[in-house]
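Spelled out, the chains give:
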Amino acid sequence: MNEERNVKIRVRNLSKVFGSQPKKALELRDQGLKRPEILDKTGQTLGLSNIDFDVHEGELLVIMGLSGSGKSTLIRCLNRLIEPTEGEIVIDGEDIPTLGEKALLECRRRHFSMVFQNFALFPHRTVQKNAEFGLEIRGIDPAERSEIARTALKQVGLDGWEDAYPSQLSGGMQQRVGLARALANDASVLLMDEAFSALDPLIRGDMQQELLQLQSRMQKTTVFITHDLDEALTIGDRIVLLKDGEIVQIGTPEEILTKPADDYVRRFIEGVDKARILTAESAMRRVRSTVRDSDGPRTALRKMREHGLDSIYIIDRDQQLIGLIEAEAASQALEQGKERVTDVMTQDFRRVTLEEPMHHLFAMFSEHSFPIAVVDDQQRLLGVVVKGAVLDQLAQAAEPTQIAEPSTTTTAGDA
Amino acid sequence: MAIEIPRIPLGGWIEGALTWLTSEYSMVTRAISRATQTGINGLNDALMWLPPWALLLIIVAICWKVANARLAIGGAAGLALIWNLGLWNPMIETLTLVVIATLVAVVIAIPVGITAALSERLYRTIMPVLDFMQTMPAFVYLIPAIPFFGIGSVSAIFATVIFSMPPAIRFTTLGIRQVPKELIEAADAYGATRGQKLVKVQLPLSLPTVMAGINQTIMLALSMVVIAAMIGADGLGSEVWRAIQRLRPGDGFEAGIAVVILAMLLDRLTQALSKERKS
Ligand SMILES: Nc1ncnc2c1ncn2[C@@H]1O[C@H](COP(=O)(O)OP(=O)(O)OP(=O)(O)O)[C@@H](O)[C@H]1O
Ligand SMILES: [Mg+2]
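Attention here is on the structure that accompanies the text. These numbers were taken from a predicted model, which means no experiment stands behind them.

Take the packing of aromatic side chains next. Under the definition given, this model contains eight aromatic pairs over all chains. For the pair F196 of chain A and F224 of chain A, a centre-to-centre distance of 5.4 Å together with 55° between the ring planes defines the contact as tilted. In this pair, F196 of chain A is assigned in the loop between β7 (189-193) and α8 (201-218) and F224 of chain A in strand β8 (residues 221-226), connecting sequence segments 28 residues apart. Here F196 of chain A falls in the buried class, since its relative accessible area comes to 0%. With centroids separated by 5.8 Å and ring planes inclined at 65°, the aromatic side chains of F148 of chain B and F158 of chain B adopt a geometry described as edge-to-face. Highlighted residues: F148 of chain B in helix α7 (residues 142-149) and F158 of chain B in helix α8 (residues 153-177), separated in sequence by ten residues.

Residues and elements named next belong to chain A. Neighbouring ligand 1 are F18, R35, T45, L66, S67, G68, S69, G70, K71, S72, T73 and E194. Starting from 630 Å² of accessible surface for ligand 1 in isolation, the protein chains cover 59%. With three residues, the top contributor of residues to the shell around ligand 1 is helix α3 (residues 71-78). Taken together, the residues of the shell around ligand 1 sort by class into two nonpolar, seven polar and three charged.

Another point: the sheet that holds strand β6 (residues 112-115) of chain A. Residues and elements named next belong to chain A. Read across the open sheet, the six strands follow the order β6-β7-β8-β3-β9-β10; overall the sheet is mixed. In the strand order of this sheet, the two ends are held by β6 and β10 (246-251), each with one partner. Averaged over all pairs of adjacent strands, the angle between their axes in this sheet comes to 20°, without regard to strand direction. By the bridge criterion, five bridges tie strand β9 (residues 238-243) to β10 in an arrangement that is antiparallel. For V240, the partnering residue across the bridge sits in β10 and is I250. Strands in contact with helix α7 (residues 171-185) are β6 and β7; relative to β6, the strand with the most contacts, it is inclined by about 180°.

Contact with chain A, which involves 25 residues of that partner, is made by 17 residues of chain B. Counting across the interface, chain A meets chain B through three salt bridges. Residues E185 of chain B and R76 of chain A are paired through a salt bridge, measuring 2.6 Å at the closest nitrogen-oxygen approach. Inspection of the region where chain A meets chain B yields nine residue pairs in polar contact (both at pLDDT 80 or more).

Conventions we followed
Residues numbered from 1 in each chain as written. Chains lettered and ligands numbered in written order. Predicted model: local features only at pLDDT ≥ 70, side-chain atom pairs only at ≥ 80, totals over all residues. Heavy atoms only, no water. Phe/Tyr/Trp six-rings, centres within 6.5 Å; stacked < 30°, edge-to-face > 60°. Helix = DSSP H or I, 4+ residues; strand = E, 2+ residues; numbered from the N terminus. Buried < 20%, exposed > 50% of the residue type's maximum accessible area, 1.4 Å probe, protein only. Near = heavy atom within 4 Å. Areas by Shrake-Rupley, 256 points an atom, 1.4 Å probe, with all protein chains shown as cover. Nonpolar A, V, L, I, M, F, W, Y, C, P; charged D, E, K, R; others polar. Pairing = 2+ DSSP bridges. Axes fitted to C-alpha atoms, helices over the stretch in contact; angles between N-to-C directions. Contact = heavy atoms within 4.5 Å. Salt bridge = Lys/Arg side-chain N within 4 Å of Asp/Glu carboxyl O. Polar contact = N/O pair within 3.5 Å; in protein donor to acceptor, adjacent residues only side chain to side chain.

None of the figures reported here should be taken as evidence of function without further support.
So, in structure tokens, the structure goes:
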């Protein structure tokens, strides 16, 4: 996680002024004035100011901020649906703001797929034709694009709906079509502007999980916008926090929670901070399934499949935890004719007690992706903690209503 | 103290301009005239060549297919009445003029409407022109038509096209401007060119509105074609005109009813067409 990663998009010194005299607004900005004063003096809205960040190859970068903080403006500057006023946006060596009209179209086709908050599906096209849209624009031949779109629809669980029209689908399904349209296009970067905000909470949770699964499977570079801390913590590899068109902090969810850059961020995550007193116990889940040390790899595989697990803990007859076996290792063992799960188990996971403070768990997840085992003082397996559960706990402690509000309090506090 | 304000010779100017246009462009007008006349004659002959019962069946079949049994039955009854009243041939002549005028109007109106939707400048120039075209009393167009194209059907087509074109332009522009901007944004995001946006997004989404405009154009064309009997256009209008001159209200109403039947048939048929496209 902490190795050097290739930079996919490099954004430097990016600013956007809405209005007819951008120069004037930027001059005032350079004199240290902020958005409200510039608006008062010139009538120009400073949408974004001096934005610097990198998007790494294969990461899911979340841009978070309250309403009006400039999130949509930022994501639209990347593919120039909004013209940036100044700054660099370099993708694979190409500086997007300097591209001519034709090169820009080419760049959008090759590099960007976009998913929109209100879906923006074409009502006159079937689900299939919607999914094909990007490919059609690029001039891929009909047979091939139909095949690709079909695969994309399958990926998002919409096989069988190809001939339906968007108006016949529920909101969640419509956004799946939006996602399929983006995936089918196979551009190198996925842009998602509040893609799940219009969905109801349950569907939204499902979609987040599915996005994470897709992400782990395909490693697609994704820029995801949300105003929701819970969502940002759940899905983000890193989070860029925006306020009034400026970046306040960039970091992993853990860094944002444990080392807030300033009072603004601290207030943003206020509720979450209480999580410091939470322990492993509160995030612990029942173990869905275990195998005995005497079991064979075939049993282990079957149980994993039944319970949808990638790995499974091994216990002995006294319930004591003795190891972990991964699905891959189990199937190899099966091929090689090994008889016991213990032959291929690993100790490469973390075990903690019920009292382990929650924020320590973060660090552990950055080293291992396996669920953390919670054991008692006799090393008996009590339960597991998965990454999502930790974040859920923190987010619950943060209480979403509190998060949605600080806009008024902070601006009042700033003034 | 009364100031003597000289009268502006507006009429004189317009006449001068028209005279100049007719003499300067007589080649062009004559060519247009010939082409249009050929079109009218061709379509007319074709429709008249069919025996009335055959054409009636064809129209009824179209009504059935595009709309429903009710329209088919109503259409059959209406057309049979026209036939019975001996107004079949004038009805065909009127229909020919309407079809040709509408075709010409639509062929001009749709590209103009599209361009106006995409260019704010053209939009602002063209809207007052359309207002002018639509509010100018219909008869006035007949007058300049005569020096251009002489008495008869071609003049009627010319005046009809001008009078009936505005709604087709207006609705095309409206339809394209009404396409939600999120959808335009989505098309842009995937790298669509202007042409792709137009063909794949803007036109299909504006089609129902464009069809509504065409429907209005047809209705206006029908009303104008009837009026154009005053400058010698054939058809149901000239039946009415003759009835007026001979003071025979019965004949006048018969021809009038035939116009109403034709209007309703064309209206329901085009509406059904646009609904079918929508679903
Ligand atoms: N076309 C525009 N003209 C003028 N001002 C604009 C325009 N678009 C956005 N703004 C302003 O720029 C600022 C940032 O807007 P933006 O839409 O990027 O915010 P956001 O973070 O996406 O908010 P939300 O969560 O409400 O979508 C806001 O103050 C907004 O009013
Ligand atoms: Mg937004």
